[in-house]
Every structure is written in structure tokens, then in C-alpha cells.
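# Summary of the model geometry
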Amino acid sequence: TPEYEFRTNRRTHHLLNTNRLVRANMNVLCSKTGFINASGYCVVMSVNHRGREVTAIILGARSNAARFAEARRLLDWVLS
């Protein structure tokens, strides 16, 4: 889900999904983003395309934007 809002007894919390591809007209089933110096920017995600489930894993991207661009290129290639 691109964003989620919930309320506790103290305040309302608004969460934004950091995976840009959730908003890119892809049927994302699950995803996890991450960054540490040793491995760079990473993303693992599973998408459903016309009943076909595909998982993409990007490790060591140079930037936040690059991990999603690489994932998009990979998924577009596999699903075409």
C-alpha cells in the first residue's frame, strides 16, 4: 500500500511506503528496502503480473533512485 494511517490514543500516525514502485502501476505483493554501508541501497520485492509472480532482488545500488530504476528495468524485462 502506498501509505497507511492509524490512530493511537496519543496521536495519528501517517506512514509512507519507501518503495517507489508501489505507486508505479505495478501489483506489488510485498517489498523490503534497506541500506547499510557494506551493501549499499537494496530492495527485494515480489510482484504479480497477469497471474505470474516474480521476485526481484537488487543489491548494492549506488543510490535510492538507482535501486528502483534497476528493479523496474529488471521487472519490465522479465515480464515482457
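Below you will find a few notes about this structure. These numbers come from a predicted model, not from an experiment.

Conventions we followed
Residues numbered from 1 in each chain as written. Predicted model: local features only at pLDDT ≥ 70, side-chain atom pairs only at ≥ 80, totals over all residues. Heavy atoms only, no water. Core = buried A, V, L, I, M, F, W, Y, C linked by side-chain atoms within 4.5 Å. Buried < 20%, exposed > 50% of the residue type's maximum accessible area, 1.4 Å probe, protein only. Helix = DSSP H or I, 4+ residues; strand = E, 2+ residues; numbered from the N terminus. Contact = heavy atoms within 4.5 Å. Pairing = 2+ DSSP bridges. Axes fitted to C-alpha atoms, helices over the stretch in contact; angles between N-to-C directions. Patch = residues over 30% accessible without salt bridge, like charges linked within 9 Å, V, L, I, M, F, W, Y side chains within 5 Å. Areas by Shrake-Rupley, 256 points an atom, 1.4 Å probe, with all protein chains shown as cover. Salt bridge = Lys/Arg side-chain N within 4 Å of Asp/Glu carboxyl O. Phe/Tyr/Trp six-rings, centres within 6.5 Å; stacked < 30°, edge-to-face > 60°.

## A word on the nonpolar core
Core analysis: the largest hydrophobic core is formed by 13 residues, its most contacted members being L21, V43, M45, V47, A71 and L75. Those elements that provide at least two residues to this core are strand 4 (40-49), strand 5 (52-61) and helix 1 (64-79). Residue contacts for L75: discarding those within four places in its chain leaves M26, M45, V47, V54 and A56.

## Brief notes about the sheet that holds strand 3 (residues 28-36)
Here we have three strands laid out as an open sheet, ordered 3-4-5, and antiparallel in their pairing. Bordering the open sheet on either side are strand 3 and strand 5, each of which pairs with just one other strand. On average, adjacent strands in this sheet sit at an angle of 5 degrees to one another, irrespective of strand direction. Inspection of the sheet shows strand 4 paired to strand 5 by eight bridges, in the antiparallel sense. Its bridge partner being in strand 5, S46 is matched across the sheet by T55. Taken strand by strand, helix 1 contacts strand 3, strand 4 and strand 5, and its axis lies near 145 degrees from that of strand 5.

## Brief notes about a nonpolar patch on the surface
Together, Y4, F6 and L15 give the surface a local cluster of nonpolar side chains, amounting to about 300 Å² of exposed area. Along the chain, the position of F6 falls in strand 1 (residues 3-7). Judged by its relative accessible area of 32%, F6 falls in the partly exposed class.

## Things to note about the packing of aromatic side chains
Within this structure, the stated rule accounts for two aromatic pairs. Arranged with centres 4.5 Å apart and planes meeting at 40 degrees, the rings of F35 and Y41 form a pair that is tilted. Overall, F35 belongs to the partly exposed group, its relative accessible area being 43%. By relative accessible area, which is 24% here, Y41 ends up partly exposed.

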